Amino acid sequence: MNGDDRQRLLREVEAAGQCSHPIRLRGEAVNLATGEVEPTAFKVACKDRREAVCPACSRRYATDAWIIAATGLNGGKGVDESVAGRPKSFVTLTAPSFGATHRITSRGGCVQRRPGSARCSHGQLSWCGVIHAENDPLLGQALCADCFDFVGAVLWNAHASRLWTLTVQQARRNLASDVGVRREVLHRVVRMHYLKVAEMQRRGLVHFHALIRLDEVETGADVFDLDELAINAAWRRAVKAVAFEDAGTTFRWGTVLNVQGLGAGEQDARMVSTYLAKYVTKTSGDALELARRFDSRRDITLRVDNPHLRRMALCAWDLADDLAPLKLRGHAHTLGFAGQLLTKSRAFSTSFGALRQARIDFNASRRSGDPLEGSFHYDGRGYDDPRASELADTFSRLEAGLTAERVARDSERRLDGQKGLDHDE
Ligand SMILES: [Zn+2]
Ligand SMILES: [Zn+2]
Ligand SMILES: [Zn+2]
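Residues numbered from 1 in each chain as written. Chains lettered and ligands numbered in written order. Predicted model: local features only at pLDDT ≥ 70, side-chain atom pairs only at ≥ 80, totals over all residues. Heavy atoms only, no water.

*Asks:* What am I meant to see in the overall build of the protein chain here?
*Replies:* Summing up its helical and strand segments, the protein chain has 11 helices and 10 strands in all. The buried share of the protein chain, reckoned over its 425 residues, is 48%. Of all intrachain contacts in the protein chain linking residues separated by at least 6 positions in sequence, the fraction that spans at least 24 positions is 74%. For the protein chain, the exposed surface amounts to about 21,400 Å²; the carbon and sulfur share of it is 50%. (Helix = DSSP H or I, 4+ residues; strand = E, 2+ residues; numbered from the N terminus. Buried < 20%, exposed > 50% of the residue type's maximum accessible area, 1.4 Å probe, protein only. Contact = heavy atoms within 4.5 Å. Areas by Shrake-Rupley, 256 points an atom, 1.4 Å probe, with all protein chains shown as cover.)

*Asks:* Help me out: how do you make sense of the packing of aromatic side chains in this one?
*Replies:* The relative placement of two aromatic rings is captured by the distance of their centres and the angle of their planes. For the coordinates displayed, the defined rule picks out 8 aromatic pairs. Each ring, one from W164 and one from W235, has its centre 5.4 Å from the other, and the planes form 35 degrees; the classification is tilted. Highlighted residues: W164 in helix α3 (residues 150-179) and W235 in helix α5 (residues 228-241), separated in sequence by 71 residues. The burial state of W164 is the same as that of W235; both residues are buried. Clustering of aromatic rings is evident, with ring pairs tying together W156, W164, Y194, F208, W235, W253 and F337. (Phe/Tyr/Trp six-rings, centres within 6.5 Å; stacked < 30°, edge-to-face > 60°.)

*Asks:* How do you make sense of the coordination of the zinc ion (ligand 2) when you look at a structure like this?
*Replies:* Under perfect tetrahedral coordination by four donors, a metal shows angles of 109.5 degrees; under perfect octahedral coordination by six donors, it shows angles of 90 or 180 degrees. H102 (ND1), C110 (SG), C128 (SG) and H132 (NE2) make up the full set of protein donors to the zinc ion (ligand 2), lying at 2.0 to 2.3 Å. Mapping the donors of the zinc ion (ligand 2) onto the primary sequence gives the spacing H-x7-C-x17-C-x3-H. Owing to a relative accessible area of 6%, C110 belongs among the buried residues under this scheme. (Donors = N, O, S within 2.8 Å, 3.2 Å for Na, K, Ca; no water.)

*Asks:* I'm lost on the coordination of the zinc ion (ligand 3) in this one. Help?
*Replies:* Summarising the metal site, the zinc ion (ligand 3) is bound by the protein donors C120 (SG), H122 (ND1), C144 (SG) and C147 (SG), whose distances to it range over 2.0 to 2.3 Å. Every donor residue of the zinc ion (ligand 3) comes from the same chain, spaced as C-x1-H-x21-C-x2-C. Highlighted residues: H122 in the loop between β3 (88-93) and α3 and C147 in the loop between β3 and α3, separated in sequence by 25 residues. On the basis of relative accessible area, H122 is assigned to the partly exposed category, the value being 39%.

*Asks:* Mind showing me how you'd approach helix α2 (residues 55-74) here?
*Replies:* Residues lying three or four places apart along an α-helix face the same way, a consequence of the helix completing one turn every 3.6 residues. Here α2 contains 20 residues, and its C-alpha end-to-end distance of 28 Å stays within 8% of the 28 Å for a straight helix at 1.5 Å per residue. Positive phi shows up at G75, right after α2, with a value of about 85 degrees. (Expected span 1.5 Å × (residues − 1).)

*Asks:* Any chance you could explain the nonpolar core here in plain terms?
*Replies:* Judged by nonpolar contacts, the single largest core of 62 residues is most densely connected at W156, W164, F208 and W235. If you list the elements that add at least two residues to this core, you get β3, α3, α4 (183-189), β4 (190-200), β5 (206-216), α5 and α8 (307-319). Core analysis: the next-biggest nonpolar cluster, separate from the first, contains 24 residues, A69, F90, A269 and Y279 among them. (Core = buried A, V, L, I, M, F, W, Y, C linked by side-chain atoms within 4.5 Å.)

*Asks:* Looking at this structure, I do not really get the pattern of salt bridges. What am I missing?
*Replies:* Think of it this way: side chains of opposite charge can pair up when their charged atoms draw near. Going through the model one piece at a time under the given rule, you end up with 16 salt bridges. With its nearest N and O atoms 4.0 Å apart, the salt bridge here joins D5 to R387. In this pair, D5 sits in helix α1 (residues 3-15) while R387 sits in helix α10 (residues 386-401), placing the two residues 382 residues apart along the sequence. Between R237 and D178 there is a salt bridge, with its nearest N and O atoms 3.1 Å apart. Pair noted here: R237 is in helix α5 and D178 is in helix α3, with a separation of 59 residues, a long-range link. Taken together, the salt bridges that share partners define one network made up of D5, R8, E12, K43, D384, D385 and R387. (Salt bridge = Lys/Arg side-chain N within 4 Å of Asp/Glu carboxyl O.)

*Asks:* Can you walk me through the pairing of β4 in this structure?
*Replies:* Consecutive side chains along a regular strand alternate between the two faces of the sheet. Extensive coverage of β4 is indicated by the burial of 10 of its 11 residues. The pairing of β4 with β5 spans 11 bridges and is antiparallel. Bridge pairing links V197 to H209 in β5. Once β4 ends, the chain turns through 5 residues before running back antiparallel as β5, passing G204 with a positive phi of about 85 degrees. Pairing between β4 and strand β9 (residues 342-344): 3 bridges, direction antiparallel. Note on β9: the bridge partner recorded for L195 is K344. (Pairing = 2+ DSSP bridges.)

*Asks:* Whenever I open this one, the environment of T274 confuses me. Can you help?
*Replies:* Tracing the backbone shows T274 in helix α6 (residues 266-277). Residues T274 and I67, spaced 207 residues apart in sequence, show a C-alpha to C-alpha distance of 9.3 Å.

*Asks:* Quick question: what am I supposed to make of the sheet that holds β9 here?
*Replies:* Sheets are built from strands paired through backbone hydrogen bonds, the pairs being either parallel or antiparallel. Overall, antiparallel pairing links the 5 strands, which are arranged β8-β3-β5-β4-β9 in an open sheet. Two strands bound the open sheet, and with one partner strand each, they are β8 (257-262) and β9. Mean inter-strand twist for the sheet, computed between neighbouring axes without regard to direction, equals 15 degrees. (Axes fitted to C-alpha atoms, helices over the stretch in contact; angles between N-to-C directions.)

*Asks:* Just to check I follow, could you spell out α8 for this structure?
*Replies:* Spanning 13 residues, α8 covers 18 Å between terminal C-alpha atoms, matching the ideal 18 Å at 1.5 Å per step. Within the span of α8, buried status applies to H308, L309, M312, A313, L314, C315, A316, W317 and L319. Looking at the buried residues of α8, the elements they touch are α3 and α7 (297-303). Two or three places before H308, at the opening of α8, N306 has a side-chain oxygen 3.0 Å from that residue's backbone nitrogen. (Polar contact = N/O pair within 3.5 Å; in protein donor to acceptor, adjacent residues only side chain to side chain.)

*Asks:* Would you explain the environment of R172 in this entry?
*Replies:* With respect to the helices, strands and loops of the structure, R172 is situated in helix α3. For R172 and H187, which are 15 residues apart along the polypeptide, the C-alpha to C-alpha distance reads 8.6 Å. Ignoring sequence-local partners within four residues, the contact set of R172 consists of R183 and M192. Among the polar contacts made by the side chain of R172, one reaches the main-chain carbonyl oxygen of M192 at a distance of 2.8 Å.

*Asks:* I tried to follow the packing of α3 against α8 on my own but got confused; where do I start?
*Replies:* For any two helices packed against each other, the geometry is given by the interaxial angle and the distance between the axes. As a packed pair, α3 and α8 sit with axes 9 Å apart at the nearest point and diverge in direction by 70 degrees. Considering the angle they form, α3 stands roughly perpendicular to α8. Contacts between α3 and α8 involve F150, V151, A153, V154, L155 and N157 from the first element and H308, R311, M312, C315, A316 and L319 from the second. Here the residues of the contact of α3 with α8 sort into 9 nonpolar, 2 polar and 1 charged. (Parallel < 35°, antiparallel > 145°, perpendicular 65-115°, else oblique. Nonpolar A, V, L, I, M, F, W, Y, C, P; charged D, E, K, R; others polar.)

Printed below as a string of structure tokens:
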């Protein structure tokens, strides 16, 4: 590659927002300064958060998620730095069991043999003595696909967001009753804010990791003497108590729950932020096959190799006819889960929008030229030169390497206690 080539590639990648597989647009543009009309083709960043779709945009998204979590814990980027001293907890909520699946427990094993029959009624072993490697394709697969309740699992995913909302409300009520006041009274002095990230487990069930923070609205909240232990207690009880019924099925959380207070230290904030940021770019099963919507039942059978996730997706697709209000067909690729991967109460921290705008402003300040207006249509994905894609990838690696990834290993080690939660116990 000569110097001119390199310059041209750099400009092309830069103009496409450093995306790995930009969206190509074609159409006519009007130069608003001169009135001239000209046919134009250009590329824009896809801004897809999923790693399987676009490594560069997903890395930028993960970095943003990291900043959102970190500023919510320590302040900065418009968030008051006093948040660092507020009581905070880290909560992991899991789905119930819908049948035994291959997994790695905190002790390293899979499904223990229980007294009684060693096989299910379909003749399959009901235990597994294998110590699975981290990349074992068996992980998440049902020990017996006929025993596994696929319908129950898909329906649970479809109701998980509602369960979350009810749990937040219950935790707020618990906190008020613990200090002996009505919820409205407490609300005037103290607010419970959160940031939550959904993680799709290998068994195809969603679970939630959430940061909870208590903010004083007025000084004097310390009359109530609320600390992280108060948050932990309010959440533990809420998670156990909350349940609701829909069309004859009762929905509640699984029995595995992890609630831990977070210190005010920067170390804790970095660690938890990294842990959360890791999940926001993942698709179910980490693969491209579940990264976008399905067109048909056949599309599912052709695209999804993982047999367990394929059954989940097909089940969501088939249930769609009976359960129209849940819009399951459009969420077959998310196995019934219709919620956002990252949600937060508004006051928790800065937003993706704010971070994106800051980046646009920064880029605009480096560019000049007349404003354009036009109508364009989709003309495919990607760069003309495959080397541009590699270059975009390198850029985003450099960018992300300076923030999130640097602390990834450290956080992984320190949060190892969470590992046993990856599968139902
Ligand atoms: Zn992209
Ligand atoms: Zn196993
Ligand atoms: Zn069976």
